[in-house]
Structures are given as C-alpha cells and as structure tokens.
Amino acid sequence: MSAATQRRGSILVEDAVVLEHRAFDGDQYILRVSAPRSAARALPGQFAHLTCDPALPMRRPLSIMRVDAAAGWMDFLYKIVGTGSRMLSQRDEGDVISMLAPIGQPFELHENRRRPLLIGGGVGIPPMVFLADYITHKASDWRPLVVMGSEIPFPFTLRPSSILIDGMADGAIASMPLLEDWGVPCRLATLQGYSGCYDGYVTDLARVWLGSLGDDALDDVEVFACGPTPMLRAAAQVAAEFGLPCQVSLEEHMACAVGGCAGCTVLVQTDAGPAMKRVCVDGPVFDAYSVFPPAA
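Participant: Please clarify how the pattern of salt bridges should be interpreted in this entry.
Facilitator: Between side chains of opposite charge, pairing is possible as soon as their charged atoms come close. Following the criterion strictly, the structure yields nine salt bridges and no others. A salt bridge links Arg-22 to Glu-20, with the nearest nitrogen and oxygen atoms 3.7 Å apart. Residue Arg-22 is classed as partly exposed on the basis of its relative accessible area of 37%. Overall, Glu-20 belongs to the partly exposed group, its relative accessible area being 33%. The partner of Arg-278 in a salt bridge is Asp-282, with the nearest N and O atoms 3.3 Å apart. Since its relative accessible area comes to 22%, Arg-278 is described here as partly exposed. Among the charged side chains, a salt-bridge network with shared partners connects Glu-111, Arg-114 and Asp-141.

Written out as structure tokens, the structure is:
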C-alpha cells in the first residue's frame, strides 16, 4: 500500500465546534475549533477541508496553524478571497463546521539537519507556525529560525525581538509575539514599510542569513517553505544556491481534497520521469527540486 493511500485512510470526518473566531486587518481571520480526533493526528504541513456554510456544498482547504492535542483544538489562519471564505468568516462561537482532517503528506524532519530555516509567505505562514511549535517540543537542541513575509498587515501585533540572530539583516528586528514567547527566533519581511521589518522579499532575507553561515553551519540547515508559487520557486532557488535540501508545501485550488477528482495536479519530477501528482494526497509537501528543478 502506498504512503498516499495510507494517508487517505486516516482522514477523519469530524463535526468541529467553533471556539473562537478573531478578525484581523486585511480580511484575515484566525479560527479555533474543537476537533479532538483530528487534533490528535495532525502533523505540520497537513491541512483540513472545511464546510464554510450549510448553503455552500463545496468545502475549502485550510492549512493547520496550531494544534493542542491534549485540549483537542486546532487553529486556522485564512484570508477572505471569495464567497466560501466570506461565508466562513461569519461563523460564530458554538457553530458546528463539518471538517475532513488531517489531509496530506506532512513535512519530514531529519536528525542530521537540526537547524531548520522556515520560510512562510502570506497564507503560507500557518504551516510554519505549526512546524516551529512541533520542533520546539521535539528536542531542545534543535534551532529553528522562522522568517515570514506579507504584503498585507500581519495577523498579529509586531514585537521587537529580544532574541539575537547572528548574521541577520540590519534593521530587521520585528517578530511574531507567539514565536517570541516560545523562544523561537523570528524575523519579518515586507515591501510595505512596516516598522522593524526587512525591506524586501522574505526569500531575500533568507539569503542574507544563509550567506552569513560557514560551511559547517550550512551542513546543519534544511529549508521548509510555504506560500504563493513564485515565493516557493524563489525559496527553492535560494536553497539550491547554498546546496541545501528544501521541502515546499504547495497551494492549489481543490475540489474534493481526498485524491478523487485530480483537480489539483502538478508536474513533479520523479525517479521514473515526469509525473502528475495530486497536491492534496501526494502532497501538499514535496521535495522542492522535484517541483522546481534547479537551473542547469
């Protein structure tokens, strides 16, 4: 049985109860639901498929941002982009949302790469938060660095970091308070001039930091990224420049999200040659170079 088939067999249908629903600038929302069975199984990089409203039959995929398996809740960050997400934004505390979760192949951590660089862009931020949380509970000697970029206001109040990062770009001091509280180094990038943020693309900020590392330090780094396709392509390029392994979580429109409709296929290079893979169950996490082959 293939890994994708095994993963499909573990997808749960659960009635998730809305616990909190907070609005942020830029039509962004953080949704917290009680879903104990899904929370107990979710891993970083996986996602859920939610019913936005009883009047709308098609579900919407949302990346998982945080999970508390003991308390049984899950957090999702999303932005209103159409009818479905607008309907979802109107769900109130106590409402029940039908949810399929957890779906897809998660990120894979490697023991010989204990200095992961996590790159999140826009709605690609949630999986990076989940992965950072997961890593901090995995082992004390792992040293993740999270860099995030956004061209709309970040869905949190920016905080000047108290965590020094050697080799970081001058003036880049803003961080995400949640990660700061966890003791995870974080820096932010934008082209919008937000105070304390790096003035440029998040992948350029990653390049600055990687360029400060010696060969021995680079041997301990692996890149993980989620965000819009151009950002993922750039992240793969940066990783290739430094000879680093890289995993990317792809964003694609989905209908069924369980591998049946094949509407989310992408071209992937495999050992057997080019193949069309389904982002929902064969991914969403792929080896970056299988999707964005380095230039010859």
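Participant: Just checking my understanding: could you explain the pairing of strand E8 (residues 145-149) for this structure?
Facilitator: In summary, the side chains of a regular strand alternate between the two faces of the sheet. Counting buried positions along E8 gives five out of five residues, so the element sits mostly inside the fold. The two faces of E8 match: Leu-145, Val-147 and Gly-149 on one face and Val-146 and Met-148 on the other face are all buried. Pairing between strand E7 (residues 117-121) and E8: five bridges, direction parallel. When the sheet's bridge partners are listed, Leu-117 is paired in E8 with Leu-145. Taken together, the four bridges between E8 and strand E11 (residues 186-190) define a ladder with parallel strand orientation. The partner of Met-148 across the bridge, within E11, is Leu-188.

Participant: Help me understand unusual backbone geometry, please; the structure alone is not making it clear to me.
Facilitator: Peptide bonds are, in most cases, trans, and in most cases residues other than glycine have a negative phi. Cis geometry marks the peptide bond from Ala-101 to Pro-102, where omega comes out at -20 degrees. Looking at the element boundaries, Pro-102 is found in strand E6 (residues 96-103). Between Gly-283 and Pro-284 the backbone carries a cis peptide bond, its omega angle lying at 10 degrees. Tracing the sequence through the fold places Pro-284 in the loop between strand E16 (273-278) and strand E17 (285-287).

Participant: Teacher, can you tell me more about the packing of aromatic side chains here?
Facilitator: Aromatic ring pairs are reported here in terms of the distance separating the ring centres and the angle at which the planes meet. Enumeration over the complete set of coordinates arrives at four aromatic pairs. Consider the rings of Tyr-29 and Tyr-78, whose centres lie 5.6 Å apart with planes at 15 degrees: the pair is stacked. Taken as a pair, Tyr-29 in strand E2 (residues 28-34) and Tyr-78 in strand E5 (residues 73-79) lie far apart in primary sequence, 49 residues in all. This pair shows no difference in class: Tyr-29 is buried, exactly as Tyr-78 is. An angle of 70 degrees between the planes, with centres 6.3 Å apart, marks the rings of Phe-154 and Tyr-194 as edge-to-face. With Phe-154 in the loop between E8 and strand E9 (159-160) and Tyr-194 in the loop between E11 and strand E12 (198-199), this residue pair connects regions lying 40 residues apart in the sequence. With relative accessibility at 6%, the residue Phe-154 sits in the buried group. Assessed through its relative accessible area of 23%, Tyr-194 is described here as partly exposed. Three or more aromatic residues joined by ring pairs form one cluster here, namely Phe-154, Phe-156 and Tyr-194.

Reading guide: rules and limits
Residues numbered from 1 in each chain as written. Predicted model: local features only at pLDDT ≥ 70, side-chain atom pairs only at ≥ 80, totals over all residues. Heavy atoms only, no water. Salt bridge = Lys/Arg side-chain N within 4 Å of Asp/Glu carboxyl O. Buried < 20%, exposed > 50% of the residue type's maximum accessible area, 1.4 Å probe, protein only. Helix = DSSP H or I, 4+ residues; strand = E, 2+ residues; numbered from the N terminus. Pairing = 2+ DSSP bridges. Phe/Tyr/Trp six-rings, centres within 6.5 Å; stacked < 30°, edge-to-face > 60°.

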